[in-house]
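Close look at the chain arrangement
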Amino acid sequence: MPDSQPQPPRKPDGDAVGPPPHGGGALVLCGARLADGRTVDVRLSNGRIEAVGTAGSLVPGPRVDLGGYLLLPAPAEPHAHCDTALTADIGGPVSYTVEDVQRRTTEAALLQLGHGATALRSHVRIGDVQGLRSLEAVLQARRALRGLTDLTAVAVPRLLTGAAGADGLAMLRDAVKMGASVVGGCPDLDPDPTGYAEAVLDLAAEHGCAVDLHTDGDDPARLARLAAMAGGLRPGVTLGPCGGLARLPREPAMRAAEQLAAAGVTVVCLPQGDCCASGSQRGRVSTCAPVRLLRAAGVEVAAGSGALRDAANPVGRGDPIEAAFLLASRGELRPEEAYAAVSDRARAAMGLPEVRLEAGFPAELLAVRGGGVAGMLSLAYSRLVIHEGRVVARTSAVREFRDSRAMVALDLPRQSSRGGGEPG
């Protein structure tokens, strides 16, 4: 099988922190099924895919048997809130000490890594009484998690315009100096939404940062102004969750989508629910962005998980495969497109290099029990996660039933028997 020519990697969200902590030894993934139906061996070395060959063709060495598993590019999480994650069951005020935020961030990142996300972009509130403490905690967690997952921070100030906004703008500059590689926030909550977006975009252009803004997207005129300001900004502008676009009449929604597409703006939708539980949006029924309409207009659409068991979504799972399942089950996308929204498109939105199951590409992979993408989205229980060429997480699920004549007569398998056992 000929080697592919990988795309040149783009600058990721995070700042450089030195070489990855994996060894140079090779690892062979044996008997994995690819989305195109082939069964292959895949050799990993130095954090990349070194070779892909027919099953049994690669040189023996350290091996993981993936018989019965589907091997895919790993998901990435483009829209998390680690500083507030896992707080829904806390009785009384939520603590925002550096220690508590770091603990929550670490636990949330590991939960999402177990689901398969090997890269995570977390929006972090700055300002008010918390100042930069939450950002400090997230950056500490990022350093501690190095080698397991890539965690990057989006600095999110509350206000940026008027007299009150001067402090927010100064703190946003300090956040970038600390290590926040993306700047964002919620223009909808500022008295001057356009001025807020302009301030973020100007600072991003000055420092070469990506931009990731929260907006409901229910005001076409505001979206048009934002698109006009964002056009051509590099490394890029992302909006989300834009559920309000789905509540607009089709014609103005399509015009707004076409303007976003012309400006090169990416939309990150949240199929599992909104991430905002404040102000006038509290208690509103969540609506996912109109994915088909956006794609028809030419907008790049990725999908994220949003809130993880906090006040905005006390049952949030942080599972990218569930986000893809919801897009497919609602008919917004075909199963393969839905999975791409949480993997290929999510990585692109975060400025991460492309992953393909071909030689030369990064070894950021997810193995899930199943024979195809649709089946995997339906029953994605057992998972094996690979980051920088190493196995970093496993989830094993075994379903068993009491013996019965019906099972014997129909030769129904237990999950742990037919299609291969747990990878080892």
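Residues numbered from 1 in each chain as written. Predicted model: local features only at pLDDT ≥ 70, side-chain atom pairs only at ≥ 80, totals over all residues. Heavy atoms only, no water.

1. What to know about the overall build of the protein chain
Where we set the bar: The helix count covers DSSP runs of H or I at least four residues long, the strand count covers runs of E at least two residues long, and both are numbered beginning at the N terminus. Throughout, exposure labels follow a simple rule: accessible area from a 1.4 Å probe, protein chains only, divided by the maximum for the residue type, with under 20% read as buried, over 50% as exposed, and the rest as partly exposed. We call two residues in contact whenever any of their non-hydrogen atoms come within 4.5 Å of each other. Residue exposure ignores everything except the shown protein chains as possible cover, and the areas themselves are Shrake-Rupley values with a 1.4 Å probe.
Scanning the protein chain for helices and strands turns up 12 helices and 16 strands. Burial status across the protein chain gives 54% buried among its 424 residues. If you take every contact in the protein chain between residues at least 6 apart in sequence, the share linking residues at least 24 apart comes to 74%. Total accessible area on the protein chain is roughly 18,000 Å²; 53% of this is exposed by carbon and sulfur atoms.

2. Looking at the confidence of the model for the protein chain
Put simply, the rule is: pLDDT expresses how confident the predictor is about each individual residue, on a scale running from 0 to 100.
Residues with a pLDDT of 70 or more make up 87% of the protein chain, whose mean pLDDT is 89. Under a pLDDT of 50 for its full length, residues 1-12 has, in the predicted model, 22 contacts with residues more than four places off or in other chains. Long-range and interchain partners of residues 416-420, a stretch whose pLDDT sits below 50, account for 10 contacts in this model, where long-range means more than four residues apart.

3. Section: the nonpolar core
How we decide: In this text, buried Ala, Val, Leu, Ile, Met, Phe, Trp, Tyr and Cys residues form a nonpolar core when linked through side-chain atoms within 4.5 Å.
If you look at the biggest cluster of nonpolar residues, it comprises 87 residues, and the most contacted ones within it are Val183, Val211, Leu327, Tyr339 and Met376. Contacts of Met376, omitting those with residues within four sequence positions, involve Leu70, Leu72, Ile321, Tyr339 and Val368. Formed by 20 residues, the second largest nonpolar core is a distinct cluster that contains Leu27, Leu34, Leu44 and Leu66.

4. Some points on the environment of Val373
Here Val373 is to be found in helix 11 (residues 373-378). Residues within four places of Val373 in sequence aside, it is in contact with Ala35, Leu70, Leu72, Pro335, Glu336 and Tyr339.

5. Some points on the packing of aromatic side chains
Convention followed: The rule is short: rings of Phe, Tyr and Trp, with Trp giving its six-membered ring, pair when the centres are within 6.5 Å, and they are stacked under 30 degrees, edge-to-face over 60, tilted in between. Geometrically, a lysine NZ or arginine CZ counts as sitting over a ring once it is within 6 Å of the ring centre and also within 35 degrees of the ring normal.
Scanning all chains against the criterion turns up zero aromatic pairs. Across the ring face of Tyr96, the terminal group of Arg104 is positioned such that the distance to the ring centre comes to 5.1 Å.

6. Digging into the pairing of strand 10 (residues 210-215)
We apply this condition: By convention, orient the strands away from the viewer: a clockwise path from the first strand over the helix to the second makes the crossover right-handed.
Counted residue by residue, strand 10 has six buried out of six residues, so it is predominantly covered. A two-sided burial pattern is seen for strand 10, the buried positions comprising Ala210, Asp212 and His214 on one face and Val211, Leu213 and Thr215 on the other. Considered for its hand, the β-α-β crossover made up of strand 9 (residues 182-185), helix 4 (residues 193-207) and strand 10 is right-handed. Handedness of the crossover joining strand 10 and strand 11 (residues 237-241) through helix 5 (residues 220-230) is recorded here as right-handed.

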